[in-house]
Amino acid sequence: MQASELITKGDLNEFKSELLTEIKRLVQLDGQRESKKWLKSNEVRKLLKISPGTLQNLRINGTLSFTRIGSIMYYKLDDINKLLEGGLQ
């Protein structure tokens, strides 16, 4: 074994610090993803794999409720999950 291949305590501490930083970043990203409670129309269409017209029909016939803020429509993630499970009428 050569001297340049030795791992020191400092190397291990640095690695530990980098690893913990990366884990914290990943946990924060995951927490942000779960905390999202409202989705925009394009996100709903991608999630349900439907066209803009189909989403409009779901709004018109009352199958999927929404909230309009300005020109943007938002949908509750809970309502979309219920729709996917067949529990929303």
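None of these values were measured; they are calculated from a predicted model. (Residues numbered from 1 in each chain as written. Predicted model: local features only at pLDDT ≥ 70, side-chain atom pairs only at ≥ 80, totals over all residues. Heavy atoms only, no water.)

**Student:** What am I meant to see in the overall build of the protein here?
**Tutor:** Of regular secondary structure, the protein possesses four helices and three strands. The order of helices and strands in the protein, counted from the N terminus, is α-β-α-α-β-β-α. Here the protein holds 89 residues, and the buried ones make up 15% of them. Summing over all exposed atoms, the protein offers an accessible surface of approximately 7,300 Å²; the carbon and sulfur share of this is 54%. (Helix = DSSP H or I, 4+ residues; strand = E, 2+ residues; numbered from the N terminus. Buried < 20%, exposed > 50% of the residue type's maximum accessible area, 1.4 Å probe, protein only. Areas by Shrake-Rupley, 256 points an atom, 1.4 Å probe, with all protein chains shown as cover.)

**Student:** Is there a simple way to explain the side chain of arginine 59 in this structure?
**Tutor:** Along the chain, the position of arginine 59 falls in helix α3 (residues 52-60). Aspartate 79 provides the closest opposite charge to the buried, salt-bridge-free arginine 59, at an N-O distance of 12 Å. Apart from the residues within four sequence positions on either side, arginine 59 is in contact with Ser41, Leu64, Phe66, Met73 and Tyr75. (Lys, Arg positive; Asp, Glu negative; His and termini not counted. Salt bridge = Lys/Arg side-chain N within 4 Å of Asp/Glu carboxyl O. Contact = heavy atoms within 4.5 Å.)

**Student:** Would you mind going over the sheet that holds strand β2 (residues 67-69) with me for this structure?
**Tutor:** Within a sheet, adjacent strands bond to each other through the backbone by hydrogen bonds, running parallel or antiparallel. The strand order β1-β3-β2 describes an open sheet built from three strands, whose pairing is antiparallel. For this open sheet the edge positions go to β1 (38-40) and β2, each flanked by a neighbour on one side alone. The mean inter-strand angle of the sheet, taken between neighbouring strand axes irrespective of direction, is 35°. When β2 meets strand β3 (residues 72-76), the two strands line up antiparallel, connected through three bridges. What sits directly across from threonine 67, in β3, is tyrosine 74. Its contacts with the sheet place helix α2 (residues 41-48) against β1 and β3, and it is angled at close to 90° to β1. (Pairing = 2+ DSSP bridges. Axes fitted to C-alpha atoms, helices over the stretch in contact; angles between N-to-C directions.)

**Student:** Looking at this structure, I do not really get the pairing of β3. What am I missing?
**Tutor:** Side chains on a regular strand alternate between the two faces of the sheet. Only one face of β3 is buried: it carries Met73 and Tyr75, and the other face, with Ile72, Tyr74 and Lys76, is open. Sheet analysis places β1 next to β3, joined by three bridges and oriented antiparallel. Paired with lysine 40 across the strands is tyrosine 74, a residue of β3.

**Student:** Sorry if this is basic, but what is going on with the nonpolar core here?
**Tutor:** Nonpolar side chains in soluble globular proteins tend to end up buried together. Listed in full, the nine residues of the largest apolar core are Leu39, Val44, Leu48, Leu55, Leu58, Leu64, Met73, Tyr75 and Ile80. What isoleucine 80 contacts, discounting residues up to four positions off in sequence, is Leu39, Val44, Leu47, Leu48, Leu64 and Tyr75. (Core = buried A, V, L, I, M, F, W, Y, C linked by side-chain atoms within 4.5 Å.)

**Student:** How should the packing of α2 against helix α4 (residues 77-85) be read in this particular structure?
**Tutor:** Two numbers describe how α2 lies on α4: the axes approach to 12 Å, and their chain directions differ by 20°. The angle between α2 and α4 falls in the class roughly parallel. Our pair here, α2 against α4, has a crossing hand that is right-handed. For the pair α2 and α4, the contacting residues are Val44, Leu47 and Leu48 in the first and Leu77, Ile80, Leu83 and Leu84 in the second. Here the contact of α2 with α4 is composed, by residue class, of seven nonpolar, no polar and no charged. (Parallel < 35°, antiparallel > 145°, perpendicular 65-115°, else oblique. Left-handed = near helix turned anticlockwise from the far one by under 90°. Nonpolar A, V, L, I, M, F, W, Y, C, P; charged D, E, K, R; others polar.)

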